[in-house]
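# Understanding the architecture of this molecule
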Amino acid sequence: MDDDDKTIILCNRVSDSPVPGIDNCTKEKCLKCSAEVWISPATKRIQEEKKADIVCGPCAAPEFLEAVNRSPWFGDDRHKVEITPSQIEEINAQIRRDVLKN
Ligand SMILES: [Zn+2]
């Protein structure tokens, strides 16, 4: 696996969102700047599976822009921006709770 194949997971900085959007998030550190970031349970599993790097939004932005620039629709075969079914399920669960609250 060379450097271009690595998986990067973009996480929200704790300083930007003191309350995580998803339940049961834990804190990790950005690989690049060591800022504290939130990671959801589903994302944590993916990180462990893929040995992915955790990167905060501001640090990840240049790499995502590069991927988008290579292909107008979120990357080519080597640079993908993905969301997994388990992550979508977490987001859906959170939206359902938010709707019930209001
Ligand atoms: Zn960072």
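As the structure is a prediction and not an experimental result, all values here were calculated from the model. (Residues numbered from 1 in each chain as written. Predicted model: local features only at pLDDT ≥ 70, side-chain atom pairs only at ≥ 80, totals over all residues. Heavy atoms only, no water.)

## Quick notes on the coordination of the zinc ion
For the record, the criterion: Sodium, potassium and calcium take a 3.2 Å donor cutoff, other metals 2.8 Å, and in both cases only N, O and S atoms count; water is not among them, so sites may look incomplete. Think of it this way: with four donors and all angles in the 85 to 135 degree range, the site is tetrahedral; with four or six donors, opposite ones beyond 155 degrees and the rest between 65 and 115, it is square planar or octahedral; otherwise it is irregular. Secondary structure follows DSSP: runs of H or I at least 4 residues long count as helices, runs of E at least 2 residues long count as strands, and numbering of each begins at the N terminus.
At 2.3 Å from the zinc ion lie its protein donor atoms, namely Cys30 (SG), Cys33 (SG), Cys56 (SG) and Cys59 (SG). The site at the zinc ion holds four donor atoms, and with the angles between them running 102 to 115°, its shape is tetrahedral. The motif formed by the donor residues of the zinc ion, counted along the single chain, is C-x2-C-x22-C-x2-C. Here Cys59 lies in helix 2 (residues 57-70) and Cys33 lies in the loop between strand 2 (26-29) and strand 3 (36-39), a separation of 26 residues in the sequence.

## A word on a nonpolar patch on the surface
The criterion, for reference: By definition, no residue in a patch forms a salt bridge, and every one has over 30% relative accessible area; like charges are joined within 9 Å, nonpolar side chains (Val, Leu, Ile, Met, Phe, Trp, Tyr) within 5 Å. With residues, only the protein chains shown are counted as cover, and all accessible areas are computed by Shrake-Rupley using a 1.4 Å probe. By convention in these notes, a salt bridge is any Lys or Arg side-chain nitrogen within 4 Å of a carboxyl oxygen on Asp or Glu. To sort residues, take the accessible area from a 1.4 Å probe on protein chains only and compare it with the maximum for the residue type: under 20% means buried, over 50% means exposed, and anything in between is partly exposed.
Side chains of Ile83, Ile88, Ile91, Ile95 and Val99 sit close together on the surface and give an oily, nonpolar patch of about 440 Å² of accessible area. According to the relative accessible area criterion, Ile83 is exposed, its value standing at 52%.

## Side note on the pairing of strand 3
Filter applied, for reference: Strands qualify as paired when DSSP identifies two bridges or more between them.
Summarising the sheet, strand 2 and strand 3 pair through four bridges and their orientation is antiparallel. Residue Glu28 lies in a different strand from strand 3, and its bridge partner there is Val37. Where strand 2 folds back on strand 3, the antiparallel hairpin that results is connected by six residues, among which Ser34 adopts a positive phi of roughly 65°.

## A word on the pairing of strand 1 (residues 8-11)
The alternating pattern of strand 1 places Ile9 and Cys11 on a buried face and Ile8 and Leu10 on a face that is not buried. Examined bridge by bridge, strand 1 and strand 4 (residues 53-56) share four bridges and lie parallel to one another. Note that in strand 4 the partner of Leu10 across the bridge is Val55.

## A short note on helix 1 (residues 41-50)
Using the following cut-off: Working definition: the arc comes from the directions between the helix axis and the C-beta atoms, pointing outward to the latter.
Within helix 1, burial applies to Ala42, Thr43, Ile46 and Gln47. Buried residues along helix 1 cover an arc of 140° about the axis, so they all sit on one side. Directly beyond the C-terminal end of helix 1, a positive phi value near 50° is found at Lys51.

## Topic: the pattern of salt bridges
Once their charged atoms are close, side chains differing in charge can pair, the charge on each being opposite to the other. Per the stated rule, a full pass over the model turns up three salt bridges. With a shortest N-O distance of 2.9 Å, Asp23 and Arg97 are connected by a salt bridge. Placement of Asp23 in the loop between strand 1 and strand 2 and of Arg97 in helix 3 (residues 85-101) is noted, with a sequence separation of 74 residues between them. For Asp23, a relative accessible area of 38% translates into the label partly exposed. Looking at Arg97, the relative accessible area reads 36%, which means it is partly exposed. Its salt-bridge partner being Glu28, residue Lys44 comes within 2.3 Å of it at the nearest N-O pair. Note that Lys44 is positioned in helix 1 and Glu28 in strand 2, a separation of 16 residues in sequence.

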